[in-house]
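Topology and contacts: notes
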Amino acid sequence: MQAQYVAVATSSGGRNGHIRSSDGVLDLPLSLPKELGGAGKPGSTNPEQLFAAGYAACFENALMRAARERKVPLNGSSVTAKVGIGRGEDGFFALEVELDVTLSGLDKTVAETLAKAAHEEICPYSRAVRGNVEVTVKVA
């Protein structure tokens, strides 16, 4: 692969530290969520929220591409990504993802076809985690 774009971000202090992108657009404090034994400081984020935001945006764009390629007009769409973290059977932390897809005004079968194409063929996040992270795609 030849990268067309490279995002650069630096973390200092791990999950209770700070992140900053090279261009300064992201400049955020991090806090371990209360559910994982942390303080969950107001105004801070965590890696799972950032991954959920990135995956949701990328997957929605993949849906829009799938619709364009199939000449299916979209009247609106949204994707909500839920990223869970917990210990697997091996005792190590693992992730799981649920993608809730809404495609306004489309027959459910058509919407499911677009979601399947986005997940199996187009979205680089889906392709990157395949075989390592359990991902469930739900179409409303």
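Everything discussed here concerns the structure shown above.
Residues numbered from 1 in each chain as written. Predicted model: local features only at pLDDT ≥ 70, side-chain atom pairs only at ≥ 80, totals over all residues. Heavy atoms only, no water.

1. What to know about the overall build of the protein chain
Looking only at helices and strands, the protein chain features three helices and six strands. The principal-axis extents of the C-alpha atoms in the protein chain amount to approximately 45 × 40 × 30 Å. Per-residue burial over the protein chain gives 31% buried out of 140 residues. Of the contacts formed within the protein chain by residues at least 6 apart in sequence, a portion of 48% connects residues at least 24 apart. As displayed, the protein chain has an accessible area near 9,000 Å², and 51% of this comes from carbon and sulfur atoms. For the protein chain, the distance from the average position of its 15 positive side-chain charges to the average position of its 16 negative side-chain charges is 3 Å. (Helix = DSSP H or I, 4+ residues; strand = E, 2+ residues; numbered from the N terminus. Buried < 20%, exposed > 50% of the residue type's maximum accessible area, 1.4 Å probe, protein only. Contact = heavy atoms within 4.5 Å. Areas by Shrake-Rupley, 256 points an atom, 1.4 Å probe, with all protein chains shown as cover. Lys, Arg positive; Asp, Glu negative; His and termini not counted. Charge placed at Lys NZ, Arg CZ, Asp CG, Glu CD.)

2. A short note on the sheet that holds strand E6 (residues 134-139)
Reading across from one edge, E4-E5-E6 is the order of the three strands in this open sheet, with mixed pairing throughout. Edge positions in the open sheet fall to strand E4 (77-87) and E6, since each of these has one partner strand only. Across the sheet, the axes of successive neighbouring strands diverge by a mean angle of 15°, strand direction being ignored. In the sheet, strand E5 (residues 93-103) pairs with E6 via six bridges, with the strands oriented parallel. Paired with Glu-96 across the two strands is Glu-134, which belongs to E6. Against the sheet, helix H1 (residues 47-69) makes contact with E4, E5 and E6, and its axis sits at roughly 145° relative to E4, the strand it touches most. Lying on the sheet, helix H2 (residues 108-122) is in contact with E5 and E6; it crosses E6 at an angle near 155°. (Pairing = 2+ DSSP bridges. Axes fitted to C-alpha atoms, helices over the stretch in contact; angles between N-to-C directions.)

3. Considerations on the sheet that holds strand E2 (residues 18-21)
Overall, antiparallel pairing links the three strands, which are arranged E1-E2-E3 in an open sheet. The open sheet is flanked by strand E1 (9-12) and strand E3 (27-29), the only strands paired with a single partner. Recorded for the sheet is a direction-independent mean angle of 15° between the axes of neighbouring strands. Judged from the four bridges that link them, E1 and E2 form a sheet pairing that is antiparallel. Note on E2: the bridge partner recorded for Thr-10 is Arg-20.

4. Let's talk about the packing of aromatic side chains
Under the definition given, this model contains four aromatic pairs. The interplanar angle of 35° and the centroid separation of 5.9 Å between the aromatic rings of Phe-51 and Tyr-125 together place this pair among those described as tilted. Separated by 74 residues along the polypeptide, Phe-51 in helix H1 and Tyr-125 in helix H3 (residues 124-129) bring together distant segments of the chain. On the basis of relative accessibility, which here comes to 24%, the residue Phe-51 falls in the partly exposed class. Look at Tyr-125 and you get partly exposed, because its relative accessible area is 29%. The structure contains a cluster of three or more aromatic residues connected by ring pairs, namely Phe-51, Tyr-55, Phe-59 and Tyr-125. (Phe/Tyr/Trp six-rings, centres within 6.5 Å; stacked < 30°, edge-to-face > 60°.)

5. What about H1?
With 23 residues, H1 should reach 33 Å at 1.5 Å per residue; the first-to-last C-alpha distance of 33 Å fits that figure. If you check which residues of H1 are buried, you get Glu-48, Ala-52, Tyr-55, Ala-56, Cys-58, Phe-59, Ala-62, Leu-63, Ala-66 and Ala-67. Contact partners of the buried residues in H1: E4, E5, H2, H3 and E6. Of the residues flanking the start of H1, the one acting as N-cap is Asn-46, its side-chain oxygen 3.0 Å from the backbone nitrogen of Glu-48. (Expected span 1.5 Å × (residues − 1). Polar contact = N/O pair within 3.5 Å; in protein donor to acceptor, adjacent residues only side chain to side chain.)

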